[in-house]
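Geometric and topological summary
Chain by chain, the residues run as shown.
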Amino acid sequence: MADPIMSQATARAHSNIALIKYWGKRAGPRNLPAVGSISVTLDGLYTDTTVVFDRALSSDTAELDDKPADTARLTPFLDLVRARAGIETRASIVSTNNFPTGAGLASSASGFAALSLAATRAAGLDLEPRELSILARQGSGSAARSIFGGFAEMHRGVLDDGSDAFAEPMLDADDWPVEIVVAITDRATKSVNSSIGMMGLDERSDYYQAWVDHAETDLASMRDAIAARDFETVGALTEMSCLKLHGLMMSTRPGLIYWNPATVAAMLAIRTLRDEGTPVYFTIDAGPQVKALCAPGHGESVARALERVPGVLETRRTALGPAASVIA
Ligand code: PMV
């Protein structure tokens, strides 16, 4: 494209929570996942990102939630966009999250999805969602799923160039209005980010091969359960995938423990609610927050119950959200 003096776009992308988890990378560049994953996109947690390509800039700059942010991971990502658009112009990125950053609430998912859309549009590109998903994956694996709303599946792919490692929509948010309640137990930035946590796992965990070997079976079971709107099976698979992931994390040398006492208390409270008849299941990512997957109509009572759990600081209830979109 022509390289105008200044061009800009703003995009919003919603965070997502994996029901069948991704953890571990294939060898080589391009951030290729070792396993596929299935997630739900969340209406209530999102990132807004503005990208301005500006010929007056001599280097990329970034701001997250009104504070200067490190561009070490962002410049190589913008380079992918620049190469594709045939431009050299540096960019400023201004991003805001409407939730705590880096605390296991999937800020990298919504962040890199919003950045993918804003940066490509600002650079004059109009990529198909699949291409955007492939781009977003190179910033953060989970971001590939946040291009889509509702339920989405990320394919592991087999090709070294990553052209078959993209997410696809499964169901729209309205097709099955399950609810998510996030119980925040700590607002601090997590100690070990996911990229570091999942490095070199074949050497670092004796459980890793088993994790990879069983992924396809778990994904197939989840696909069937979602297609059948079978909430109990979706929930049981979700808890199983979460506990397997944390078992793998704990088995890694050095062992990763993302939970605090309130995390465990919230997990147990969710099981008690279930024993008492509420259709609710938990999942947890690389952080101490607990996400409760609630059958349609049960979010409010689950949120009230989780607010009473000692150590839970606040809860956020959300419906499933839409695909990433350009907002300005
Ligand atoms: O792609 P990352 O670096 O955001 O890693 C995601 C890892 C988990 O959140 C724990 C699981 C997942 O599939 O989202």
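See the structure shown above.
Rules behind the numbers
Residues numbered from 1 in each chain as written. Predicted model: local features only at pLDDT ≥ 70, side-chain atom pairs only at ≥ 80, totals over all residues. Heavy atoms only, no water. Near = heavy atom within 4 Å. Polar contact = N/O pair within 3.5 Å; in protein donor to acceptor, adjacent residues only side chain to side chain. Areas by Shrake-Rupley, 256 points an atom, 1.4 Å probe, with all protein chains shown as cover. Nonpolar A, V, L, I, M, F, W, Y, C, P; charged D, E, K, R; others polar. Helix = DSSP H or I, 4+ residues; strand = E, 2+ residues; numbered from the N terminus. Phe/Tyr/Trp six-rings, centres within 6.5 Å; stacked < 30°, edge-to-face > 60°. Buried < 20%, exposed > 50% of the residue type's maximum accessible area, 1.4 Å probe, protein only. Disulfide = S-S within 2.5 Å. Contact = heavy atoms within 4.5 Å. Arc of directions from axis to C-beta. Core = buried A, V, L, I, M, F, W, Y, C linked by side-chain atoms within 4.5 Å. Salt bridge = Lys/Arg side-chain N within 4 Å of Asp/Glu carboxyl O.

Overview of the site of the ligand
Looking at the ligand, there are 14 residues lining it, with Tyr 22, Gly 141, Ser 142, Arg 145 and Ser 194 nearest. Between the ligand and Ser 142, the relevant distance is 2.7 Å, taken from an oxygen atom to a side-chain nitrogen or oxygen of the residue. Here Ser 194 contributes a side-chain N or O atom positioned 2.6 Å from an oxygen atom of the ligand. Here the ligand loses 94% of its free accessible area of 370 Å² to cover by the protein chains. Among the residues forming the shell around the ligand, the class breakdown is six nonpolar, five polar and three charged.

With respect to unusual backbone geometry
With an omega of -5°, the peptide bond running from Arg 253 to Pro 254 counts as cis. Along the chain, Pro 254 turns up in the loop between helix H7 (231-251) and helix H8 (261-275). Despite not being glycine, Asp 66 has its phi angle at roughly 70°, a positive value. Relative to the helices and strands, Asp 66 is located in the loop between strand S3 (61-64) and strand S4 (67-68).

Things to note about the packing of aromatic side chains
Applying the stated criterion across every chain yields a total of four aromatic pairs. Their ring planes at 70° and their centres at 5.3 Å tell us that Phe 77 and Phe 112 sit as a pair that is edge-to-face. With a gap of 35 residues between them, Phe 77 in helix H1 (residues 74-85) and Phe 112 in helix H2 (residues 107-122) connect regions that are remote in the sequence. For the pair formed by Phe 77 and Phe 112, the shared burial category is buried.

As for the state of the cysteines
According to the stated counting rule, one finds zero disulfides in the structure shown. Counting only cysteine sulfurs, Cys 294 is the nearest neighbor of Cys 242, a cysteine outside any disulfide, at a range of 15 Å.

Here's the deal with the environment of Cys 242
Here Cys 242 shows up in helix H7. A relative accessible area of 0% means that Cys 242 is categorised as buried. In this structure, the C-alpha to C-alpha distance between Cys 242 and Ala 143, residues 99 residues apart in sequence, is 18 Å. Setting aside its immediate chain neighbours within four residues, Cys 242 contacts Lys 21, Phe 282, Thr 283 and Ile 284.

Description of helix H9 (residues 299-307)
Those residues of H9 not exposed but buried are Gly 299, Val 302, Ala 303, Ala 305 and Leu 306. Each buried residue of H9 sits inside an arc of 165° when the element is viewed along its axis, so together they form one side. Contact partners of the buried residues in H9: strand S8 (179-184), H8, strand S9 (280-283), strand S10 (290-294) and strand S11 (314-319).

Describing the nonpolar core
Formed by 38 residues in total, the largest nonpolar core has its most connected members in Val 51, Phe 53, Leu 78, Val 81, Ile 93 and Leu 115. Elements represented by at least two residues in this core include exactly strand S1 (6-20), strand S2 (37-54), H1, strand S5 (91-97), H2, helix H3 (129-139) and strand S6 (151-154). Residue contributions to this core peak at eight residues, all from H2. If sequence neighbours within four positions are ignored, Leu 115 has contacts with Thr 49, Val 51, Leu 74, Phe 77, Leu 78, Ile 93 and Thr 120. Ile 17, Ile 38, Leu 42 and Leu 105 belong to the second largest nonpolar core, which has 28 residues in total.

What to know about the pattern of salt bridges
Per the stated rule, a full pass over the model turns up 19 salt bridges. Asp 126 is paired through a salt bridge with Arg 121; the nearest N and O atoms lie 3.2 Å apart. A residue is classified by how much of its surface remains accessible, and Asp 126, at 61% relative accessible area, is exposed. When its relative accessible area of 36% is taken as the criterion, Arg 121 is described as partly exposed. Of the charged contacts in the structure, one is a salt bridge between Arg 317 and Glu 179, with a shortest N-O distance of 2.9 Å. In this pair, Arg 317 is assigned in strand S11 and Glu 179 in strand S8, connecting sequence segments 138 residues apart. Overlapping salt bridges bring together Asp 60, Asp 79, Arg 82 and Arg 90 as one network.

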